[in-house]
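This is what each chain is made of:
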Amino acid sequence: MPQIAHPRVVVTRKLPDTVEARMRELFAAQLNEADRRMSRDDLATAMADADVLVPTLTDRIDAELIAGAGPQLKLIANFGNGVDHIDLAAARARGIIVTNTPGVLTDDAADMAMALILAVPRRLSEGERLVRSGDWHGWGPTAMLGRRVSGKALGILGMGRIGQAIAMRARGFGMKVHYQNRKRLPEVVERAVDATWHERLDDMLTEIDVLSVNCSHNPSTHRLIDAGRLELLGRDGYLVNISRGQIVDEPALIAALEKGTIGGAGLDVFAHEPAVDPRLLARPNVVLLPHMASATIEARHATGEKVIANIRMWADGHRPPDQVLEGWA
């Protein structure tokens, strides 16, 4: 792998000031200080000239864009863990390395998932809106009744770093933990989080009260949580999603919420974000957040540091530490 002393790096979104300052020191960095989302033409221009592209989840880097990239583009250093917005097969075919930033937002995402797991059954968002509206007239024995979390069963779909961190938090709140994964975890890990594995997702759904979606988005998980699986979760069940909106069949979820065949939902991600279906906005039993599970100062700085480390290793002629390999999911 050839060394490149001062690679031309194009960054598609505004990053923390300290991260951008370090990029200016190390690279010939073209930054997006206005934080204007790049158009498809902007991306094509950047990929025609750059040695390294630093995109985020808001940039769809498909096969057509990759095919039009200049021969000098050899690294796509994604700012973030998920790479479902990048056509990995097309990148491999062009000899372009793709890296991501695993592990830097585990605790932040798990904290947010746990916040939603608490907020939805206990109706925190509804209560907050009631106070702000001026329509709250004091405590009453039957007012704002929600569901207890302690003793309930949490199902985790995708028991990676974040899923395991959620499991540890849920145990602290007295929840029983179940999980469904492509592969069963080692017994020592299961014991550490006191979790029960289910080979089939449908079997798990009949055993739980809250489903936390934490798997990656790919063809096999697209709309994985459909009408039938929401029905298995049941009218007293709750859905929490901090992963990708496309994993849940959003129209089916809206229908279940409207019919009362599911108890409620906590959503940090949406199928067509930043657009949010007005029917979700109208549901009182849905907590809606603006894709902020990883939005901590610490996580953003750590993500930037990983991006820089990947670029530096590549520029020095070495394999980047966070290269996305075949079979990533």
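Residues numbered from 1 in each chain as written. Predicted model: local features only at pLDDT ≥ 70, side-chain atom pairs only at ≥ 80, totals over all residues. Heavy atoms only, no water.

Participant: Can you walk me through the sheet that holds strand β5 (residues 97–99) in this structure?
Facilitator: Strands in a sheet are paired, the pairing made by backbone hydrogen bonds, and the direction either parallel or antiparallel. Judged by pairing direction, the sheet is parallel, and its five strands sit side by side in the order β2-β1-β3-β4-β5 without closing on themselves. Each having just a single partner strand, β2 (28–30) and β5 make up the two edges of the open sheet. Within the sheet, the average angular offset between the axes of one strand and its neighbour, ignoring direction, is 20°. Where strand β1 (residues 8–11) meets β2, three bridges bridge the pair, whose relative direction is parallel. Looking at β2, one finds that valine 10 is bridged to glutamine 30. (Pairing = 2+ DSSP bridges. Helix = DSSP H or I, 4+ residues; strand = E, 2+ residues; numbered from the N terminus. Axes fitted to C-alpha atoms, helices over the stretch in contact; angles between N-to-C directions.)

Participant: How should the nonpolar core be read in this particular structure?
Facilitator: A general trend in soluble globular proteins is that nonpolar side chains are found buried together. Counting residues in hydrophobic clusters, the biggest one holds 33 residues, and the most contacted among them are Ile117, Leu154, Ile156, Met159 and Met175. When contributions to this core are tallied by element, the ones reaching two or more residues are α5 (106–119), β6 (153–157), α7 (161–172), β7 (176–180) and β10 (238–241). The greatest single-element share of this core, amounting to eight residues, is contributed by α5. If sequence neighbours within four positions are ignored, isoleucine 156 has contacts with Gly163, Ile166, Ala167, Val177, His178, Tyr179, Gln180, Met204, Ser212 and Asn214. Listed in part, the 27 residues of the second largest apolar core include Ile208, Val213, Cys215 and Ala265. (Core = buried A, V, L, I, M, F, W, Y, C linked by side-chain atoms within 4.5 Å. Buried < 20%, exposed > 50% of the residue type's maximum accessible area, 1.4 Å probe, protein only. Contact = heavy atoms within 4.5 Å.)

Participant: Quick question: what am I supposed to make of the side chain of aspartate 51 here?
Facilitator: Position of aspartate 51 relative to the elements: it lies in the loop between α2 (40–49) and β3 (52–54). Of note is the side chain of aspartate 51, whose polar atom sits 2.8 Å from the backbone nitrogen of arginine 8. Excluding its chain neighbours within four sequence positions, the residues that come into contact with aspartate 51 are Pro7, Arg8, Gln72, Leu73, Lys74, Leu75 and Trp314. (Polar contact = N/O pair within 3.5 Å; in protein donor to acceptor, adjacent residues only side chain to side chain.)

Participant: Just to check I follow, could you spell out the pairing of strand β9 (residues 210–213) for this structure?
Facilitator: In regular strands, side chains alternate between the two faces of the sheet. Burial of β9 is two-sided: the residues Val210 and Ser212 facing one way and the residues Leu211 and Val213 facing the other way are all buried. The sheet contact formed by β6 and β9 spans four bridges and is parallel. Paired with isoleucine 156 across the bridge in β9 is serine 212. When β9 meets β10, the two strands line up parallel, connected through four bridges.

Participant: Where do I start with the domain arrangement of the protein chain in this structure?
Facilitator: Reports often express the size of an interface as the amount of accessible area lost when the parts come together. Taken domain by domain, the protein chain consists of domain 1 (8–100 + 296–316) and domain 2 (105–288). For domain 1 versus domain 2, the separation of C-alpha centres amounts to 32 Å. Contacts between the two partners involve six residues from domain 1, matched on the other side by five residues from domain 2. Buried surface at the junction of domain 1 and domain 2, both sides included, amounts to about 530 Å², of which 46% is carbon and sulfur. Run the count over domain 1 and domain 2 and you get one salt bridge. The closest approach of N and O atoms between aspartate 84 and arginine 244, which form a salt bridge, is 3.2 Å. Seen at the junction of domain 1 and domain 2, the total is three residue pairs in polar contact (both at pLDDT 80 or more). Within the side of domain 1 that touches domain 2, the residues separate by chemical class into two nonpolar, two polar and two charged. (Domains from an automatic or database assignment. Buried area = accessible area lost by both parts, 1.4 Å probe. Salt bridge = Lys/Arg side-chain N within 4 Å of Asp/Glu carboxyl O. Nonpolar A, V, L, I, M, F, W, Y, C, P; charged D, E, K, R; others polar.)

Participant: Would you mind going over helix α1 (residues 17–26) with me for this structure?
Facilitator: Quick reminder: α-helices carry 3.6 residues per turn. Residues three or four places apart thus point the same way. Looking only at α1, the buried set comprises Val19, Glu20, Met23 and Leu26. Down the axis, α1 shows its buried residues gathered within 130° of arc, on one side only. α1 presents Asp17 and Glu25 as exposed residues on the side facing more than 90 degrees away from its buried surface. Lining the buried residues of α1 we find β1, β2 and α13 (297–315). (Arc of directions from axis to C-beta.)

Participant: How should I be thinking about α5 in this particular structure?
Facilitator: Taking 1.5 Å per residue as the helical rise, α5 with its 14 residues ought to reach 20 Å, and the 20 Å between its terminal C-alpha atoms agrees with that figure. Judged by how many residues are buried, α5 sits mostly within the fold: 10 of 14 residues are covered. Turning to α5, its buried residues are Thr106, Asp108, Ala109, Ala110, Met112, Ala113, Met114, Leu116, Ile117 and Ala119. (Expected span 1.5 Å × (residues − 1).)

Participant: I'm lost on the UniProt feature "domain: D-isomer specific 2-hydroxyacid dehydrogenase NAD-binding" (unreviewed entry) in the protein chain in this one. Help?
Facilitator: Sequence positions flagged by UniProt for "domain: D-isomer specific 2-hydroxyacid dehydrogenase NAD-binding" (unreviewed entry) are, in local numbering, residues 114–293. With 34% helix and 16% strand, residues 114–293 has its two end C-alpha atoms placed 10 Å apart. (UniProt positions renumbered as here; feature names shortened; annotations may be inferred.)

Participant: How should I be thinking about the pairing of β1 in this particular structure?
Facilitator: Following the backbone out of β1, through α1 and into the adjacent parallel β2, one traces a crossover that is right-handed. Pairing of β1 with β3 involves three bridges; the strand directions are parallel. When the bridges of β3 are listed, valine 11 appears paired with valine 54. (Right-handed = clockwise from strand over helix to strand, strands pointing away.)

Participant: It is not clear to me how the packing of α5 against α7 should be interpreted in this structure. Could you clarify?
Facilitator: Between two packed helices, what matters for the description is the angle formed by their axes and the separation of those axes. Here α5 crosses α7 at 50°, and the two axes come no closer than 8 Å. When the interaxial angle is binned, α5 and α7 end up oblique. When you trace α5 past α7, the crossing you get is right-handed. On the side of α5, the interface is formed by Thr106, Asp107, Ala109, Ala110, Asp111, Ala113, Met114 and Ile117, while α7 contributes Arg161, Ile162, Ala165, Ile166, Arg169 and Ala170. (Parallel < 35°, antiparallel > 145°, perpendicular 65-115°, else oblique. Left-handed = near helix turned anticlockwise from the far one by under 90°.)

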